[in-house]
Amino acid sequence: MKLNIRQFSSRSEGFYSELDALLAWDSVSDAGVQTAVANIVEQVRLKGDGAVIEFTNRFDRREVVSSADLEISREELALAKDRVSAELVASLEAAAKRVHEYHERQKQPSWQYQEDNGTVLGQKVTPLDRVGVYVPGGKAAYPSSVLMNVMPAKVAGVGEIIMVVPTPDGVVNDIVLAAAYIAGVDRVFTIGGAQAVAALAYGTETVPKVDKIVGPGNIYVATAKKMVFGVVGIDMIAGPSEILVVCDGKTDPDWIAMDLFSQAEHDEDAQSILISPDLAFIENVKSSMERLIETQSRKAIIKSSLEGRGAFIHVESMDEAMDIANIVAAEHLELSIDEPEKWVEKIRHAGAIFMGRHTPEALGDYCAGPNHVLPTSGTARFSSPLGVYDFQKRSSLIYCSPEGASELAKIASPLARGESLEAHAISAEYRILKDS
Ligand SMILES: NC(=O)c1ccc[n+]([C@@H]2O[C@H](COP(=O)([O-])OP(=O)(O)OC[C@H]3O[C@@H](n4cnc5c(N)ncnc54)[C@H](O)[C@@H]3O)[C@@H](O)[C@H]2O)c1
Ligand SMILES: N[C@H](CO)Cc1c[nH]c[nH+]1
Ligand SMILES: [Zn+2]
């Protein structure tokens, strides 16, 4: 199949504005999507379960009549696990264990220190009480996203985990339910899209209001999360998947072709880019893609994604490749090159960095250990992978001894008067010891 993927040369005039245009795609700001999502969120806020049922029936083509039909019990999760093959259960359990072990290292303890005068200062770390995890389910089922969302929450010690997952046409995926059982989710609701995000943010008669919503999803999910931020916490904008492969031309072109397909197959809106200093290699990858796409079950999605948002970029040098990788700030960056440990020093912006020819992004999606819920659309400039820190919050701790309070008050009082805040000043001055 012929693939019409755009190609750039970093030496051509206007390259950087063409690159900007390629990256400017921002579905979360799409006016049509904004309007549609704002309406869904408002309806759910006002009408609760009634609106959730209406939108679920409309967008997921279901025939739900009662909100009781939206929940799946723990017993049903256990039964689903029994229906899944032993081999798959073993893989889920092995992946869960590896992801758990990786995230154990992210746990932040509370800490405090004491000053000579007896004053104690510190930080108290507390897990969130109740979180909502969004597991995508529109175009594919994502048991791996159940594990990636839930394991860090478990490590953090979150009180209650509420999972939402759409079940288009009423088709419930046993592997997703088995993953929820293995991960230890407390409650599961078969709802998705903006209506699920709104239900978690505001609470309905059936869906409990949560403190924070995490997890990836399509443009409707990402837009809704952005919209309810402030009512609840959110992790990040984790929208349509992205991969940027930097290759020196020495990796098997079939491997690179399949690595690019691996993210393109998620969504028509996904993005796959190859950067290489070797023009002949780019041509070889193109040929591999045109041959291999015929073997793909999701070829229509792959083609549409590659032709809409994909690109080949020919660069002059590896240094230039790294500079462009930093501009793209991709969700996934593959360094399919010699000495990746040397070049990684130059990378400042990427959700996850896959180092070396034997580290395809797909291994990170399932079981390497790090989280696959990652910032997209260039937000890796300021966001991090989903982690234990997303499920913990911090409170400052301050204990003043009488001597410590007296010393601090002498610093605070002039500052308060400088701000013309007299009550602050006097409150502090009351603590100044008479003989000090
Ligand atoms: N960044 C990450 O960490 C990460 C991880 C896994 C998946 N992903 C991405 O998650 C996304 C999953 O998307 P998906 O569609 O398969 O599942 P999804 O669950 O995100 O979206 C499905 C829901 O979208 C809503 N929807 C669909 N069309 C709509 C419309 N016209 N109007 C209003 N709502 C509508 C429906 O409510 C439906 O339930 C993909 O883009 C994939 O690349 C990202
Ligand atoms: N690549 C996705 C994140 O962008 C995660 C995933 C789940 N299953 C397969 N892939
Ligand atoms: Zn993937």
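The model shown is predicted, which means the values in this text are computed figures rather than measured ones.

Colleague: Which parts of the structure should I look at to understand the overall build of the chain?
Modeller: Within the chain one finds 17 helices and 15 strands. By its C-alpha atoms, the chain is 85 × 60 × 45 Å across when sized along the principal axes. Out of the 436 residues in the chain, the part that is buried amounts to 44%. Taking as baseline every contact in the chain between residues at least 6 positions apart, the subset at least 24 positions apart corresponds to 74%.

Colleague: Would you mind going over the packing of helix 2 (residues 31-47) against helix 8 (residues 193-202) with me for this structure?
Modeller: Helix packing geometry: the angle between the two helix axes and the distance between the axes. Axis separation between helix 2 and helix 8 bottoms out at 9 Å; the angle between their running directions is 40 degrees. Comparing their axes, helix 8 and helix 2 come out oblique. Relative to helix 8, helix 2 is oriented so that their crossing is right-handed. Here helix 2 contributes Val37, Ile40, Val41, Val44 and Arg45 to the contact with helix 8, which in turn contributes Ala194, Gln195, Ala198, Ala199 and Tyr202.

Colleague: What's the story with the confidence of the model for the chain in this structure? I'm lost.
Modeller: The predicted coordinates ought not to be read in detail in places where the model reports low pLDDT. Across the chain, pLDDT averages 96, with 99% of residues at or above 70. Reported confidence for the predicted complex is 0.97 by ipTM and 0.95 by pTM.

Colleague: How should I be thinking about helix 16 (residues 402-418) in this particular structure?
Modeller: Spacing of three or four residues puts side chains on the same side of an α-helix, whose turn is 3.6 residues. Along its 17 residues, helix 16 runs 24 Å from first to last C-alpha, staying within 8% of the 24 Å computed at 1.5 Å per residue. Taken as a whole, helix 16 has its buried residues at Gly404, Ala405 and Ala409. Two residues or fewer after helix 16 comes Ser420, characterised by a positive phi angle close to 60 degrees.

Colleague: What should I look at first to understand the nonpolar core in this one?
Modeller: Across soluble globular proteins, nonpolar side chains have a tendency to be buried as a group. Among the nonpolar cores identified, the biggest contains 121 residues, and Met163, Ala180 and Val197 are the most heavily contacted of them. In terms of residue count, helix 7 (residues 174-183) provides more of this core than any other element does, nine residues in total. Not counting chain neighbours up to four residues away, the residues in contact with Val197 comprise Tyr134, Ile213, Val221, Ala224, Lys225 and Val228.

Colleague: What is the right way to read the UniProt feature "binding site: NAD(+)" (unreviewed entry) in the chain from this model?
Modeller: Per the UniProt annotation, the sites labelled "binding site: NAD(+)" (unreviewed entry) are Tyr134, Gln195 and Asn218. Across 85 residues, the annotated set stays spatially compact, with a maximum C-alpha separation of 12.9 Å. By the secondary structure assignment, Gln195 is in helix 8. Gln195 sits in the buried class, given 29 other C-beta atoms within 10 Å. If sequence neighbours within four positions are ignored, Gln195 has contacts with Ile40, Val44, Ala51, Val52, Phe55 and Thr56.

Colleague: Explanation requested: the site of ligand 2 in the structure shown.
Modeller: The environment of ligand 2 is made up of Tyr142, Ser144, Ser145, Ser241, Gln263, Glu331, Asp365 and His372. A breakdown of the residues in the shell around ligand 2 according to their chemical character gives one nonpolar, five polar and two charged. Mapped onto the domain boundaries, the shell around ligand 2 takes at least three residues apiece from domain 1 (6-25 + 240-379) and domain 2 (48-236 + 388-392).

Colleague: Is there a simple way to explain the site of ligand 1 in this structure?
Modeller: Taken together, 31 residues form the shell around ligand 1, and within it Gly138, Gly192, Gly193, Pro216 and Gly217 come nearest. At the level of elements, helix 8 and helix 9 (219-228) are the ones that each hand at least two residues to the shell around ligand 1. Of the residues belonging to the shell around ligand 1, the class tally is 15 nonpolar, 11 polar and five charged. Taken domain by domain, the makeup of the shell around ligand 1 includes at least three residues from each of domain 1 (6-25 + 240-379) and domain 2 (48-236 + 388-392).

Colleague: Sorry if this is basic, but what is going on with the sheet that holds strand 10 (residues 242-247) here?
Modeller: Think of a sheet as strands paired side by side through backbone hydrogen bonds, with each pair either parallel or antiparallel. Across the sheet, six strands lie side by side as 1-12-11-10-13-14; this open sheet has parallel pairing. On the outer flanks of this sheet lie strand 1 (6-9) and strand 14 (352-355), each paired with one strand and no other. The mean angle between the axes of side-by-side strands here comes to 15 degrees, regardless of whether they run parallel or antiparallel. Bridge count between strand 13 (residues 332-336) and strand 14: four bridges; the pairing is parallel. Bridging from a neighbouring strand, Leu335 pairs with Met355 of strand 14. Here helix 10 (residues 253-264) sits on the sheet in contact with strand 10, strand 11 (271-276) and strand 13, set at roughly 165 degrees to strand 10.

Colleague: Before we go on, may I ask you to explain the UniProt feature "binding site: substrate" (unreviewed entry) in the chain in this structure?
Modeller: UniProt marks Ser241, Gln263, His266, His332, Asp365, Glu419 and His424 with the feature "binding site: substrate" (unreviewed entry), using the numbering shown here. With a sequence span of 184 residues, these residues are also far apart in the fold, their greatest C-alpha distance being 56.1 Å. For Gln263, a count of 28 C-beta atoms within 10 Å corresponds to the buried category. Not counting residues within four places of it along the chain, the set of residues in contact with Gln263 comprises Ser241, Glu242, Ile243, Ala270, Ser272, His332 and Glu361. With respect to the secondary-structure elements, His266 resides in the loop between helix 10 and strand 11. Residue His266 is classed as buried on the basis of its C-beta count, with 25 C-beta atoms lying within 10 Å. In contact with His266, other than residues within four places in its own chain, are Ala140, Pro240 and Ser241.

The rules behind these values
- Residues numbered from 1 in each chain as written.
- Chains lettered and ligands numbered in written order.
- Predicted model: local features only at pLDDT ≥ 70, side-chain atom pairs only at ≥ 80, totals over all residues.
- Helix = DSSP H or I, 4+ residues; strand = E, 2+ residues; numbered from the N terminus.
- Buried ≥ 20, exposed ≤ 12 C-beta atoms within 10 Å, placed from the backbone.
- Contact = placed C-beta atoms within 7 Å.
- Axes fitted to C-alpha atoms, helices over the stretch in contact; angles between N-to-C directions.
- Parallel < 35°, antiparallel > 145°, perpendicular 65-115°, else oblique.
- Left-handed = near helix turned anticlockwise from the far one by under 90°.
- pLDDT = per-residue confidence, 0-100.
- Expected span 1.5 Å × (residues − 1).
- Core = buried A, V, L, I, M, F, W, Y, C linked by C-beta atoms within 7 Å.
- UniProt positions renumbered as here; feature names shortened; annotations may be inferred.
- Near = placed C-beta within 6 Å.
- Nonpolar A, V, L, I, M, F, W, Y, C, P; charged D, E, K, R; others polar.
- Domains from an automatic or database assignment.
- Pairing = 2+ DSSP bridges.

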